[in-house]
Amino acid sequence: DSNKLWQGRFAGTSAKEVDVFNSSISFDHVLFEEDITGSIAHANMLGQQKIISEEDVHSIVNGLQGILKDLKSGELAFDPDAEDIHMFTESVLTERIGDAGKKLHTGRSRNDQVALDLRLYVKKKIIGIKEQLLQFEEVVISQAEKHLHTIMPGYTHLQIAQPVSFAHHILAYGQMILRDINRLEEVMDHTDVMPLGNGALAGTTYPFDRQYVADQLGFSEVSANSLDGVSDRDFVIDTTYALSMIMMHLSRLSEEIILWSSQEFRFVELNDAFATGSSIMPQKKNPDVAELVRGKTGRVYGNLQTLLTMMKGLPLAYNKDMQEDKEALFDSISTVTLALSAMIPMIDTMNVKKERMREAASKGFINATDCADYLTKKGLPFREAYGVIGGLVKYCIEKDLTLEDVSLEKYQSLNALFEEDIFEAIKLETCVGKRNIEGGPAPEAVAKQLRQLKRKLSRF
Ligand code: ARG
(Lines give C-alpha, C1' and ligand atoms only; values in the text may rest on other atoms or scores of the structure.)
Protein backbone atom coordinates (compact mmCIF):
# COMPACT_ATOMS: atom_id res chain seq x y z
CA ASP A 1 0.00 0.00 0.00
CA SER A 2 1.81 3.15 -1.18
CA ASN A 3 -0.97 5.46 0.05
CA LYS A 4 0.18 5.75 3.64
CA LEU A 5 -0.24 9.19 5.16
CA TRP A 6 3.41 9.12 6.20
CA GLN A 7 4.69 7.86 2.85
CA GLY A 8 6.75 10.96 1.89
CA ARG A 9 9.99 10.03 3.62
CA PHE A 10 10.04 6.49 2.28
CA ALA A 11 11.36 5.13 -0.98
CA GLY A 12 10.22 1.57 -0.38
CA THR A 13 6.89 0.33 0.92
CA SER A 14 6.40 -1.56 4.17
CA ALA A 15 6.28 -5.33 4.11
CA LYS A 16 2.83 -6.89 4.24
CA GLU A 17 3.82 -8.70 7.42
CA VAL A 18 4.79 -5.40 9.01
CA ASP A 19 1.47 -3.83 8.07
CA VAL A 20 -0.36 -6.69 9.70
CA PHE A 21 1.84 -6.57 12.78
CA ASN A 22 1.64 -2.79 13.13
CA SER A 23 -2.04 -2.41 12.57
CA SER A 24 -4.33 -1.70 15.51
CA ILE A 25 -7.60 -0.98 13.73
CA SER A 26 -8.94 -4.46 14.50
CA PHE A 27 -9.22 -3.36 18.14
CA ASP A 28 -8.88 0.44 18.30
CA HIS A 29 -11.87 0.95 15.99
CA VAL A 30 -13.97 1.04 19.18
CA LEU A 31 -12.47 4.51 19.73
CA PHE A 32 -14.13 5.90 16.60
CA GLU A 33 -16.61 8.13 18.37
CA GLU A 34 -13.96 9.60 20.67
CA ASP A 35 -11.60 10.04 17.75
CA ILE A 36 -14.17 11.98 15.77
CA THR A 37 -15.40 14.06 18.71
CA GLY A 38 -11.80 14.95 19.54
CA SER A 39 -11.10 15.92 15.94
CA ILE A 40 -14.16 18.15 15.81
CA ALA A 41 -13.02 19.98 18.94
CA HIS A 42 -9.52 20.32 17.48
CA ALA A 43 -10.86 21.67 14.18
CA ASN A 44 -13.08 24.20 15.98
CA MET A 45 -10.04 25.38 17.91
CA LEU A 46 -7.94 25.68 14.74
CA GLY A 47 -10.69 27.87 13.29
CA GLN A 48 -11.12 30.00 16.40
CA GLN A 49 -7.36 30.65 16.44
CA LYS A 50 -7.43 31.48 12.72
CA ILE A 51 -4.98 28.68 11.97
CA ILE A 52 -7.39 27.38 9.33
CA SER A 53 -10.32 29.15 7.68
CA GLU A 54 -13.93 29.01 8.86
CA GLU A 55 -14.92 27.33 5.57
CA ASP A 56 -12.39 24.59 6.19
CA VAL A 57 -13.64 24.14 9.75
CA HIS A 58 -17.16 23.94 8.42
CA SER A 59 -16.39 21.25 5.87
CA ILE A 60 -14.17 19.30 8.30
CA VAL A 61 -16.85 19.29 10.99
CA ASN A 62 -19.59 18.35 8.53
CA GLY A 63 -17.39 15.67 7.04
CA LEU A 64 -16.54 14.21 10.45
CA GLN A 65 -20.20 14.26 11.53
CA GLY A 66 -21.10 12.39 8.36
CA ILE A 67 -18.41 9.78 9.03
CA LEU A 68 -19.65 9.34 12.60
CA LYS A 69 -23.22 8.89 11.41
CA ASP A 70 -22.21 6.40 8.72
CA LEU A 71 -20.02 4.39 11.07
CA LYS A 72 -22.85 4.21 13.58
CA SER A 73 -25.39 3.11 11.00
CA GLY A 74 -22.97 0.62 9.49
CA GLU A 75 -23.07 2.35 6.12
CA LEU A 76 -19.33 2.94 6.40
CA ALA A 77 -17.18 -0.05 7.37
CA PHE A 78 -13.76 0.08 9.03
CA ASP A 79 -11.00 -0.63 6.55
CA PRO A 80 -8.99 -3.53 7.96
CA ASP A 81 -5.98 -2.32 5.97
CA ALA A 82 -5.93 1.06 7.70
CA GLU A 83 -3.13 1.33 10.23
CA ASP A 84 -5.32 2.53 13.05
CA ILE A 85 -8.57 4.35 13.72
CA HIS A 86 -6.86 7.76 13.51
CA MET A 87 -5.42 7.12 10.03
CA PHE A 88 -8.73 5.64 8.96
CA THR A 89 -10.94 8.59 9.90
CA GLU A 90 -8.49 11.11 8.46
CA SER A 91 -8.23 9.24 5.14
CA VAL A 92 -12.00 8.89 4.81
CA LEU A 93 -12.39 12.57 5.63
CA THR A 94 -9.98 13.60 2.89
CA GLU A 95 -11.62 11.21 0.44
CA ARG A 96 -14.95 12.81 1.21
CA ILE A 97 -14.17 16.53 1.51
CA GLY A 98 -10.89 16.90 -0.36
CA ASP A 99 -8.16 19.36 0.56
CA ALA A 100 -9.76 20.76 3.71
CA GLY A 101 -9.40 17.29 5.24
CA LYS A 102 -5.66 17.57 4.90
CA LYS A 103 -5.65 20.50 7.32
CA LEU A 104 -7.23 18.66 10.24
CA HIS A 105 -4.00 17.23 11.60
CA THR A 106 -2.33 20.67 11.86
CA GLY A 107 -0.30 20.87 15.07
CA ARG A 108 -1.48 17.47 16.19
CA SER A 109 0.20 14.09 16.38
CA ARG A 110 -1.34 10.67 16.69
CA ASN A 111 0.52 10.57 20.00
CA ASP A 112 -1.57 13.26 21.63
CA GLN A 113 -4.60 12.18 19.58
CA VAL A 114 -4.57 8.61 20.86
CA ALA A 115 -3.98 9.82 24.42
CA LEU A 116 -7.03 12.04 24.05
CA ASP A 117 -9.21 9.33 22.53
CA LEU A 118 -8.30 6.88 25.24
CA ARG A 119 -9.04 9.34 28.01
CA LEU A 120 -12.43 10.15 26.52
CA TYR A 121 -13.15 6.44 26.19
CA VAL A 122 -12.09 5.62 29.76
CA LYS A 123 -14.20 8.46 31.13
CA LYS A 124 -17.26 7.13 29.28
CA LYS A 125 -16.67 3.56 30.44
CA ILE A 126 -16.05 4.55 34.04
CA ILE A 127 -19.43 6.26 34.09
CA GLY A 128 -21.05 3.08 32.73
CA ILE A 129 -19.40 0.76 35.23
CA LYS A 130 -20.17 3.11 38.10
CA GLU A 131 -23.79 2.97 37.00
CA GLN A 132 -23.67 -0.84 37.13
CA LEU A 133 -22.06 -0.78 40.58
CA LEU A 134 -24.88 1.45 41.79
CA GLN A 135 -27.39 -1.10 40.49
CA PHE A 136 -25.43 -3.79 42.28
CA GLU A 137 -25.77 -1.80 45.50
CA GLU A 138 -29.53 -1.60 45.03
CA VAL A 139 -29.74 -5.35 44.77
CA VAL A 140 -27.49 -5.86 47.79
CA ILE A 141 -29.60 -3.40 49.77
CA SER A 142 -32.86 -5.06 48.81
CA GLN A 143 -31.56 -8.49 49.87
CA ALA A 144 -30.27 -6.98 53.11
CA GLU A 145 -33.62 -5.34 53.86
CA LYS A 146 -35.34 -8.71 53.53
CA HIS A 147 -32.90 -10.45 55.86
CA LEU A 148 -32.16 -8.24 58.85
CA HIS A 149 -33.36 -11.07 61.10
CA THR A 150 -32.07 -14.01 59.07
CA ILE A 151 -29.47 -15.57 61.33
CA MET A 152 -26.59 -17.35 59.65
CA PRO A 153 -23.24 -18.63 60.81
CA GLY A 154 -20.34 -16.25 60.48
CA TYR A 155 -17.04 -17.93 59.68
CA THR A 156 -13.36 -17.48 60.15
CA HIS A 157 -11.05 -20.02 58.49
CA LEU A 158 -14.32 -21.31 57.00
CA GLN A 159 -15.03 -22.70 60.48
CA ILE A 160 -18.23 -21.68 62.24
CA ALA A 161 -17.33 -18.72 64.45
CA GLN A 162 -20.13 -16.43 65.66
CA PRO A 163 -23.64 -15.85 64.43
CA VAL A 164 -24.38 -12.92 62.13
CA SER A 165 -27.32 -12.11 59.88
CA PHE A 166 -27.54 -12.55 56.14
CA ALA A 167 -28.15 -8.81 55.88
CA HIS A 168 -24.89 -8.12 57.66
CA HIS A 169 -23.04 -10.61 55.52
CA ILE A 170 -24.28 -9.31 52.18
CA LEU A 171 -23.73 -5.71 53.29
CA ALA A 172 -20.03 -6.47 53.68
CA TYR A 173 -20.11 -6.67 49.88
CA GLY A 174 -22.09 -3.44 49.83
CA GLN A 175 -19.14 -1.77 51.58
CA MET A 176 -16.66 -3.26 49.11
CA ILE A 177 -18.67 -2.03 46.16
CA LEU A 178 -18.93 1.41 47.77
CA ARG A 179 -15.13 1.53 47.90
CA ASP A 180 -15.04 0.41 44.29
CA ILE A 181 -17.29 3.30 43.31
CA ASN A 182 -15.10 5.75 45.21
CA ARG A 183 -12.03 4.27 43.57
CA LEU A 184 -13.55 4.80 40.14
CA GLU A 185 -14.18 8.43 41.08
CA GLU A 186 -10.48 8.81 41.85
CA VAL A 187 -9.53 7.17 38.57
CA MET A 188 -11.89 9.59 36.88
CA ASP A 189 -9.95 12.51 38.37
CA HIS A 190 -6.67 11.13 37.01
CA THR A 191 -8.22 10.57 33.61
CA ASP A 192 -9.85 13.97 33.34
CA VAL A 193 -6.80 15.68 31.76
CA MET A 194 -6.72 16.93 28.17
CA PRO A 195 -3.50 16.12 26.24
CA LEU A 196 -4.11 17.79 22.84
CA GLY A 197 -1.52 20.46 22.17
CA ASN A 198 1.26 18.17 23.35
CA GLY A 199 1.89 17.26 19.71
CA ALA A 200 4.24 14.38 19.11
CA LEU A 201 6.16 15.13 22.29
CA ALA A 202 7.23 18.78 22.39
CA GLY A 203 4.01 20.73 22.01
CA THR A 204 3.50 22.93 18.99
CA THR A 205 4.47 26.29 17.56
CA TYR A 206 0.88 27.11 16.58
CA PRO A 207 -1.06 29.44 18.87
CA PHE A 208 -3.41 26.77 20.23
CA ASP A 209 -6.11 27.47 22.78
CA ARG A 210 -5.86 24.26 24.74
CA GLN A 211 -8.45 25.30 27.28
CA TYR A 212 -11.01 25.75 24.50
CA VAL A 213 -10.45 22.14 23.40
CA ALA A 214 -10.72 20.99 27.01
CA ASP A 215 -13.96 22.93 27.48
CA GLN A 216 -15.56 21.51 24.35
CA LEU A 217 -14.74 17.97 25.44
CA GLY A 218 -15.62 18.39 29.11
CA PHE A 219 -12.12 18.05 30.59
CA SER A 220 -11.39 19.89 33.80
CA GLU A 221 -7.69 20.47 33.12
CA VAL A 222 -5.04 20.35 30.40
CA SER A 223 -1.86 18.30 30.74
CA ALA A 224 1.03 20.22 32.27
CA ASN A 225 3.99 18.61 30.51
CA SER A 226 3.97 17.59 26.88
CA LEU A 227 6.36 14.66 27.32
CA ASP A 228 4.24 13.29 30.12
CA GLY A 229 1.01 14.17 28.36
CA VAL A 230 1.68 11.94 25.36
CA SER A 231 3.21 9.06 27.29
CA ASP A 232 1.22 8.95 30.54
CA ARG A 233 -0.78 5.74 30.77
CA ASP A 234 -1.22 5.87 34.53
CA PHE A 235 -4.93 6.38 34.01
CA VAL A 236 -5.11 3.14 32.00
CA ILE A 237 -3.32 1.25 34.75
CA ASP A 238 -5.41 2.94 37.45
CA THR A 239 -8.53 1.87 35.60
CA THR A 240 -7.31 -1.68 35.20
CA TYR A 241 -6.38 -1.79 38.87
CA ALA A 242 -9.78 -0.48 39.92
CA LEU A 243 -11.37 -3.12 37.67
CA SER A 244 -9.17 -5.81 39.22
CA MET A 245 -10.43 -4.82 42.66
CA ILE A 246 -14.02 -5.03 41.44
CA MET A 247 -13.39 -8.50 40.04
CA MET A 248 -11.69 -9.57 43.27
CA HIS A 249 -14.79 -8.54 45.20
CA LEU A 250 -17.14 -10.20 42.73
CA SER A 251 -14.99 -13.29 42.83
CA ARG A 252 -15.13 -13.56 46.62
CA LEU A 253 -18.90 -13.26 46.51
CA SER A 254 -18.98 -15.81 43.71
CA GLU A 255 -16.95 -18.23 45.78
CA GLU A 256 -19.47 -17.89 48.60
CA ILE A 257 -22.38 -18.41 46.25
CA ILE A 258 -20.73 -21.53 44.89
CA LEU A 259 -20.27 -22.85 48.43
CA TRP A 260 -23.74 -21.78 49.54
CA SER A 261 -25.45 -23.51 46.63
CA SER A 262 -23.66 -26.79 47.35
CA GLN A 263 -25.58 -29.68 48.91
CA GLU A 264 -23.48 -29.35 52.04
CA PHE A 265 -24.54 -25.74 52.67
CA ARG A 266 -27.83 -25.25 50.81
CA PHE A 267 -27.92 -21.62 52.06
CA VAL A 268 -29.15 -20.29 48.74
CA GLU A 269 -30.80 -21.52 45.62
CA LEU A 270 -30.08 -19.76 42.38
CA ASN A 271 -32.93 -18.88 40.10
CA ASP A 272 -33.11 -21.29 37.16
CA ALA A 273 -32.26 -18.43 34.82
CA PHE A 274 -28.86 -18.09 36.46
CA ALA A 275 -27.85 -21.72 36.75
CA THR A 276 -27.03 -24.41 34.25
CA GLY A 277 -27.46 -28.14 34.00
CA SER A 278 -25.13 -30.98 33.22
CA SER A 279 -25.11 -32.82 29.90
CA ILE A 280 -24.82 -36.16 31.71
CA MET A 281 -25.94 -35.80 35.33
CA PRO A 282 -29.67 -35.08 35.44
CA GLN A 283 -29.67 -33.93 39.06
CA LYS A 284 -27.23 -31.08 38.56
CA LYS A 285 -27.80 -27.36 38.94
CA ASN A 286 -24.50 -25.63 38.54
CA PRO A 287 -23.55 -22.07 39.54
CA ASP A 288 -21.73 -21.41 36.26
CA VAL A 289 -22.11 -17.63 36.37
CA ALA A 290 -20.39 -17.43 39.73
CA GLU A 291 -17.68 -19.84 38.60
CA LEU A 292 -17.04 -17.83 35.43
CA VAL A 293 -16.79 -14.59 37.37
CA ARG A 294 -14.25 -16.27 39.65
CA GLY A 295 -12.41 -17.64 36.62
CA LYS A 296 -12.41 -14.43 34.61
CA THR A 297 -10.86 -12.56 37.52
CA GLY A 298 -7.57 -14.10 36.42
CA ARG A 299 -7.57 -12.41 33.05
CA VAL A 300 -8.42 -9.03 34.54
CA TYR A 301 -5.44 -9.37 36.92
CA GLY A 302 -3.39 -10.50 33.93
CA ASN A 303 -4.26 -7.34 32.03
CA LEU A 304 -3.02 -5.22 34.93
CA GLN A 305 0.26 -7.13 34.90
CA THR A 306 0.51 -6.71 31.12
CA LEU A 307 0.19 -2.94 31.41
CA LEU A 308 2.57 -2.47 34.32
CA THR A 309 5.17 -4.54 32.51
CA MET A 310 4.56 -2.87 29.15
CA MET A 311 5.24 0.58 30.65
CA LYS A 312 8.15 -0.12 32.94
CA GLY A 313 11.01 0.19 30.47
CA LEU A 314 9.74 2.95 28.20
CA PRO A 315 11.92 6.01 27.76
CA LEU A 316 10.07 9.28 27.25
CA ALA A 317 7.98 9.99 25.36
CA TYR A 318 5.67 7.93 23.12
CA ASN A 319 6.78 4.45 22.09
CA LYS A 320 4.85 2.06 19.92
CA ASP A 321 4.80 -0.43 22.80
CA MET A 322 2.01 1.73 24.14
CA GLN A 323 -0.33 0.58 21.40
CA GLU A 324 -0.50 -2.57 23.54
CA ASP A 325 -2.43 -0.67 26.21
CA LYS A 326 -5.68 -1.04 24.33
CA GLU A 327 -6.47 -4.73 24.19
CA ALA A 328 -5.66 -5.16 27.88
CA LEU A 329 -7.79 -2.19 28.88
CA PHE A 330 -10.70 -3.06 26.59
CA ASP A 331 -10.72 -6.66 27.76
CA SER A 332 -10.82 -5.66 31.41
CA ILE A 333 -13.64 -3.21 30.75
CA SER A 334 -15.76 -5.68 28.81
CA THR A 335 -15.09 -8.52 31.26
CA VAL A 336 -16.16 -6.45 34.26
CA THR A 337 -19.19 -5.09 32.40
CA LEU A 338 -20.33 -8.57 31.45
CA ALA A 339 -19.62 -10.02 34.88
CA LEU A 340 -21.68 -7.31 36.55
CA SER A 341 -24.54 -7.63 34.12
CA ALA A 342 -24.83 -11.36 34.88
CA MET A 343 -24.24 -11.09 38.61
CA ILE A 344 -26.63 -8.27 39.44
CA PRO A 345 -29.82 -10.14 38.48
CA MET A 346 -28.39 -13.38 39.84
CA ILE A 347 -28.02 -11.88 43.33
CA ASP A 348 -31.37 -10.15 42.96
CA THR A 349 -33.24 -13.38 42.22
CA MET A 350 -31.26 -15.64 44.54
CA ASN A 351 -33.45 -17.45 47.03
CA VAL A 352 -32.04 -17.21 50.54
CA LYS A 353 -32.96 -20.22 52.66
CA LYS A 354 -33.46 -18.81 56.13
CA GLU A 355 -34.24 -22.11 57.83
CA ARG A 356 -31.12 -23.77 56.52
CA MET A 357 -28.98 -20.84 57.61
CA ARG A 358 -30.56 -20.90 61.08
CA GLU A 359 -30.02 -24.64 61.34
CA ALA A 360 -26.36 -24.33 60.34
CA ALA A 361 -25.91 -21.54 62.87
CA SER A 362 -27.15 -23.74 65.69
CA LYS A 363 -24.22 -26.07 65.24
CA GLY A 364 -20.52 -25.75 65.97
CA PHE A 365 -20.86 -24.06 69.39
CA ILE A 366 -21.33 -20.75 67.65
CA ASN A 367 -22.46 -19.21 70.96
CA ALA A 368 -19.39 -20.29 72.94
CA THR A 369 -17.98 -16.74 73.02
CA ASP A 370 -21.29 -15.46 74.39
CA CYS A 371 -21.26 -18.18 77.00
CA ALA A 372 -17.81 -17.02 78.15
CA ASP A 373 -18.90 -13.37 78.00
CA TYR A 374 -21.82 -14.28 80.28
CA LEU A 375 -19.39 -15.27 83.04
CA THR A 376 -17.17 -12.27 82.39
CA LYS A 377 -20.09 -9.92 82.73
CA LYS A 378 -20.75 -11.53 86.13
CA GLY A 379 -17.20 -10.78 87.25
CA LEU A 380 -15.00 -13.65 86.09
CA PRO A 381 -11.88 -12.47 84.19
CA PHE A 382 -12.34 -13.26 80.50
CA ARG A 383 -9.37 -15.63 80.23
CA GLU A 384 -10.74 -17.73 83.11
CA ALA A 385 -14.21 -17.73 81.60
CA TYR A 386 -12.68 -18.84 78.31
CA GLY A 387 -11.12 -21.81 80.14
CA VAL A 388 -14.42 -22.82 81.74
CA ILE A 389 -16.26 -22.77 78.40
CA GLY A 390 -13.42 -24.58 76.66
CA GLY A 391 -13.91 -27.40 79.14
CA LEU A 392 -17.66 -27.27 78.64
CA VAL A 393 -17.33 -27.52 74.84
CA LYS A 394 -15.05 -30.53 75.25
CA TYR A 395 -17.64 -32.15 77.52
CA CYS A 396 -20.41 -31.41 74.98
CA ILE A 397 -18.43 -32.90 72.10
CA GLU A 398 -17.90 -36.10 74.11
CA LYS A 399 -21.59 -36.30 75.01
CA ASP A 400 -22.80 -35.09 71.63
CA LEU A 401 -24.64 -32.12 73.13
CA THR A 402 -25.04 -28.46 72.24
CA LEU A 403 -24.60 -25.69 74.82
CA GLU A 404 -28.40 -25.37 74.92
CA ASP A 405 -28.76 -29.05 75.87
CA VAL A 406 -26.60 -28.78 79.01
CA SER A 407 -28.54 -28.73 82.27
CA LEU A 408 -28.42 -25.80 84.68
CA GLU A 409 -26.98 -28.15 87.31
CA LYS A 410 -24.09 -29.00 85.01
CA TYR A 411 -23.49 -25.30 84.29
CA GLN A 412 -23.51 -24.52 88.00
CA SER A 413 -21.14 -27.38 88.78
CA LEU A 414 -18.64 -25.75 86.41
CA ASN A 415 -19.05 -22.29 87.88
CA ALA A 416 -21.38 -20.92 90.53
CA LEU A 417 -21.96 -17.71 88.58
CA PHE A 418 -24.25 -19.55 86.13
CA GLU A 419 -27.94 -18.90 86.67
CA GLU A 420 -31.19 -19.69 84.85
CA ASP A 421 -30.65 -16.70 82.49
CA ILE A 422 -27.71 -18.46 80.82
CA PHE A 423 -30.17 -20.06 78.39
CA GLU A 424 -31.47 -16.67 77.30
CA ALA A 425 -27.89 -15.40 76.96
CA ILE A 426 -26.83 -18.14 74.55
CA LYS A 427 -29.88 -17.98 72.27
CA LEU A 428 -28.76 -17.09 68.76
CA GLU A 429 -31.16 -14.15 68.66
CA THR A 430 -29.52 -12.80 71.81
CA CYS A 431 -26.01 -13.41 70.49
CA VAL A 432 -26.78 -11.41 67.35
CA GLY A 433 -29.13 -8.87 68.93
CA LYS A 434 -26.72 -7.90 71.71
CA ARG A 435 -23.97 -7.17 69.21
CA ASN A 436 -25.55 -3.82 68.84
CA ILE A 437 -22.29 -2.04 68.39
CA GLU A 438 -21.64 0.32 65.49
CA GLY A 439 -20.73 -1.94 62.57
CA GLY A 440 -22.12 -5.02 64.32
CA PRO A 441 -24.68 -7.63 63.18
CA ALA A 442 -27.59 -6.70 65.51
CA PRO A 443 -30.66 -5.82 63.45
CA GLU A 444 -30.62 -2.29 64.86
CA ALA A 445 -26.94 -1.80 64.00
CA VAL A 446 -27.44 -3.25 60.54
CA ALA A 447 -30.41 -0.96 59.96
CA LYS A 448 -28.12 1.95 60.80
CA GLN A 449 -25.46 0.59 58.45
CA LEU A 450 -28.09 0.40 55.73
CA ARG A 451 -29.14 4.00 56.28
CA GLN A 452 -25.55 5.21 56.16
CA LEU A 453 -24.77 3.21 53.03
CA LYS A 454 -27.82 4.64 51.30
CA ARG A 455 -26.83 8.14 52.30
CA LYS A 456 -23.31 7.66 50.94
CA LEU A 457 -24.69 6.24 47.69
CA SER A 458 -27.10 9.11 47.24
CA ARG A 459 -24.06 11.31 46.54
CA PHE A 460 -23.52 9.54 43.21
N1 ARG B 1 -2.15 3.23 17.00
C2 ARG B 1 -1.24 3.99 17.80
C3 ARG B 1 -1.42 3.62 19.27
O4 ARG B 1 -2.37 3.06 19.56
C5 ARG B 1 -1.48 5.43 17.62
C6 ARG B 1 -0.31 6.31 17.87
C7 ARG B 1 0.73 6.00 16.90
N8 ARG B 1 1.75 6.97 16.85
C9 ARG B 1 2.84 6.79 16.14
N10 ARG B 1 3.66 7.75 16.06
N11 ARG B 1 3.08 5.66 15.53
O12 ARG B 1 -0.58 3.90 20.11
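All figures in this text were calculated on a predicted structure; none of them were measured in a lab.

We now examine the site of the ligand. Every residue lining the ligand is accounted for by Ser24, Asp28, Asp84, His86, Arg110, Asn111, Val114, Lys320, Met322 and Gln323. If one sorts the elements of the shell around the ligand by residue count, helix 6 (residues 110–146) sits on top with 3 residues. Here the residues of the shell around the ligand are counted per class, giving 2 nonpolar, 4 polar and 4 charged. Mapping the shell around the ligand onto the domain boundaries places at least three of its residues in each of domain 1 (13–106) and domain 2 (121–211 + 218–354).

Attention now moves to helix 13 (residues 354–361). Looking at helix 13, one finds that the buried residues are Met357, Ala360 and Ala361. Take helix 13 and look down its axis: the buried residues cluster within an arc of 100°, on one side only. Each element contacted by the buried residues of helix 13 is listed here: strand 1 (151–156), strand 2 (159–165), helix 7 (166–191) and helix 18 (428–433).

What follows deals with the environment of Lys72. As for its placement among the helices and strands, Lys72 is situated in helix 4 (residues 54–73). In sequence terms Lys72 and Gly433 are 361 residues apart; their C-alpha atoms lie 57 Å from each other.

In helix packing, the relevant descriptors are the interaxial angle and the interaxial distance, both defined with respect to the helix axes. Interaxial distance between helix 6 and helix 10 (residues 234–260) falls to 10 Å at its minimum, and their mutual angle equals 20°. Comparing their axes, helix 10 and helix 6 come out roughly parallel. Considering only the axes of helix 6 and helix 10, their crossing is left-handed. Contact residues: Leu118, Arg119, Val122 and Ile126 in helix 6; Phe235, Val236 and Thr239 in helix 10.

The sites that UniProt annotates as "domain: Argininosuccinate lyase C-terminal" (unreviewed entry) are residues 365–432. Secondary structure content for residues 365–432 is 65% helix and 0% strand, and the end C-alpha separation is 14 Å.

It is worth spelling out the packing of helix 7 against helix 19 (residues 443–457) at this point. Packing of helix 7 against helix 19 leaves a shortest axis separation of 11 Å and a crossing angle of 25°. On the basis of the axis angle, helix 7 is roughly parallel to helix 19. When the axes of helix 7 and helix 19 are compared, the crossing they make is left-handed. For the pair helix 7 and helix 19, contact is made by Ala167, His168, Leu171, Gly174 and Leu178 and by Val446, Gln449, Leu450, Leu453, Lys456 and Leu457, respectively. Considered class by class, the residues forming the contact of helix 7 with helix 19 number 7 nonpolar, 3 polar and 1 charged.

Before going further, it helps to examine the domain arrangement of the protein. Buried accessible area, meaning the area lost when the parts come together, often serves as the stated size of an interface. Each domain of the protein was delimited in the assignment, giving domain 1 (13–106), domain 2 (121–211 + 218–354) and domain 3 (368–426). Centre-to-centre separation of domain 1 and domain 3, based on C-alpha positions: 78 Å.

A few words now on the nonpolar core. Ranked by internal contacts, the top residues of the largest apolar core, which has 113 residues, are Ile60, Val140, Met152, Val336 and Met343. Top contributing element to this core by residue count: helix 6, with 13 residues. Excluding residues that lie within four positions of it along the chain, Ile60 makes contacts with Ala43, Leu93, Ile97, Ala100, Gly101 and Leu104.

Conventions we followed
- Residues numbered from 1 in each chain as written.
- Predicted model: local features only at pLDDT ≥ 70, side-chain atom pairs only at ≥ 80, totals over all residues.
- Near = placed C-beta within 6 Å.
- Helix = DSSP H or I, 4+ residues; strand = E, 2+ residues; numbered from the N terminus.
- Nonpolar A, V, L, I, M, F, W, Y, C, P; charged D, E, K, R; others polar.
- Domains from an automatic or database assignment.
- Buried ≥ 20, exposed ≤ 12 C-beta atoms within 10 Å, placed from the backbone.
- Arc of directions from axis to C-beta.
- Contact = placed C-beta atoms within 7 Å.
- Axes fitted to C-alpha atoms, helices over the stretch in contact; angles between N-to-C directions.
- Parallel < 35°, antiparallel > 145°, perpendicular 65-115°, else oblique.
- Left-handed = near helix turned anticlockwise from the far one by under 90°.
- UniProt positions renumbered as here; feature names shortened; annotations may be inferred.
- Core = buried A, V, L, I, M, F, W, Y, C linked by C-beta atoms within 7 Å.

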